[in-house]
Amino acid sequence: MSDITDLLGKLSIADAAEAASASLIESVKTKGPVKSGLSENYLTLAASCSDSTTAAVALKTVSGLAALGVSAEPYLKACLPAVLAAASTKDRVVSAEGKNAAGSIAEHVAPFAMKGLLPAIFAALTVETNWATRVVALKMIATFGKKCPKQLSNALPEVVPEITACMWDTKKQVKTAATASMKEALEVVGNKDIAHMTESILKAITTPKEVPEIMHKMAGVTFVQSVQSPALAMVVPLLLRGLREKVTATKRQSSVIINNMSKLVDDPLDAAPFLPLLLPALQQNADSIS
């Protein structure tokens, strides 16, 4: 029997749980995930995070393991769904430990492992999910902006639609967390030509009446920096809205922006995901804006 098999069994024993958790973390720290047995028992730890009798201490263990960095990181990915779900439980202790564990994972994740956490985070952002869990998931994305800016930037084509949907949520807490996450996302776009308009872009995402104004501003920008997928991920949703406006001038400005930006796309792969969205809208408006 490995060290961790025995220690995991003690998480359900009230008098021994805290000591077992500390010993488990220390074992992984000194022996590594393989010799300590974590690599064979991480699914048991994940299950313990969902068990009402062990959830609080198991989640605390996940927080401690996350703080170790890359040694335990590959095995905590399996715990993330349970960690996020715990944030919305009625038990205040379990909820607090769930939030702490999610924060610890986000704070200590290796930059190149960040993208592997996104599927679990996106799954926690669905409308059916409890709002408290959604808030914690959004806060993780915001933390990635500070800890893994380059990697979050590269993931913006997948991340932006998920955050945008939450910015329209009826729950105030979700909307606030989503806005904070989008603000962090705007910080990592990496395009100096639109960097000065981040506040306007953020406002236009949630306020449709601001779209004509942001189109007017962007139409006057002289784009000089190479346009890559992060910038397109942020701007394309607004360009589509501009093309759907009733006012012809706004549609024309959107088209001008698309034309200007497309000239500076060096790698076709950066633009490829957005063409199925933009081309039909442009073709539909070709006569009215010509």
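Caption draft 1: Looking closely at the packing of helix α15 (residues 211–219) against helix α16 (residues 229–244). Following both chains from N to C, one finds α15 and α16 inclined at 115 degrees, their axes separated by 10 Å at the closest point. Classed by the angle they form, the pair α15 and α16 counts as roughly perpendicular. The chirality of how α15 crosses α16 is left-handed. Between α15, through Val211, Met215 and Met218, and α16, the contact on the second element is made entirely by Val235, Leu238, Leu239, Arg241 and Gly242. For the contact of α15 with α16, the residue count by class is six nonpolar, one polar and one charged.

Caption draft 2: Just helix α4 (residues 55–66), in detail. Look at α4: 16 Å from first C-alpha to last across twelve residues, which is about the 16 Å you get at 1.5 Å a residue. α4 sits mainly inside the fold: ten of its twelve residues count as buried. By the burial criterion, the buried members of α4 are Ala55, Val57, Ala58, Leu59, Thr61, Val62, Ser63, Gly64, Leu65 and Ala66. Summarising the contacts, the buried residues of α4 are in contact with α2 (17–36), α3 (38–48), α5 (73–76), α6 (80–86) and α7 (92–108).

Caption draft 3: How the structure looks around the environment of aspartate 267. With respect to the element layout, aspartate 267 can be found in the loop between α17 (248–262) and α18 (268–271). Judged by its relative accessible area of 34%, aspartate 267 is partly exposed. Taking C-alpha positions, aspartate 267 is 26 Å from proline 119, a pair spaced 148 residues apart along the chain. A distance of 3.0 Å separates a polar side-chain atom of aspartate 267 from the backbone nitrogen of leucine 269.

Caption draft 4: Structural view of the pattern of salt bridges. Here the structure, examined in full by the defined rule, presents eight salt bridges. In this structure, aspartate 6 engages lysine 10 in a salt bridge whose closest nitrogen and oxygen atoms are separated by 3.6 Å. Taking relative accessible area as the criterion, aspartate 6 reaches 35% and is therefore assigned partly exposed. What makes lysine 10 partly exposed here is its relative accessible area of 32%. Between lysine 115 and glutamate 158 there is a salt bridge, with the nearest N and O atoms lying 3.7 Å from each other. With a gap of 43 residues between them, lysine 115 in the loop between α7 and α8 (118–123) and glutamate 158 in helix α11 (residues 156–167) connect regions that are remote in the sequence. You can call glutamate 158 partly exposed: its relative accessible area is 34%.

Procedures and definitions
- Residues numbered from 1 in each chain as written.
- Predicted model: local features only at pLDDT ≥ 70, side-chain atom pairs only at ≥ 80, totals over all residues.
- Heavy atoms only, no water.
- Axes fitted to C-alpha atoms, helices over the stretch in contact; angles between N-to-C directions.
- Helix = DSSP H or I, 4+ residues; strand = E, 2+ residues; numbered from the N terminus.
- Parallel < 35°, antiparallel > 145°, perpendicular 65-115°, else oblique.
- Left-handed = near helix turned anticlockwise from the far one by under 90°.
- Contact = heavy atoms within 4.5 Å.
- Nonpolar A, V, L, I, M, F, W, Y, C, P; charged D, E, K, R; others polar.
- Expected span 1.5 Å × (residues − 1).
- Buried < 20%, exposed > 50% of the residue type's maximum accessible area, 1.4 Å probe, protein only.
- Polar contact = N/O pair within 3.5 Å; in protein donor to acceptor, adjacent residues only side chain to side chain.
- Salt bridge = Lys/Arg side-chain N within 4 Å of Asp/Glu carboxyl O.

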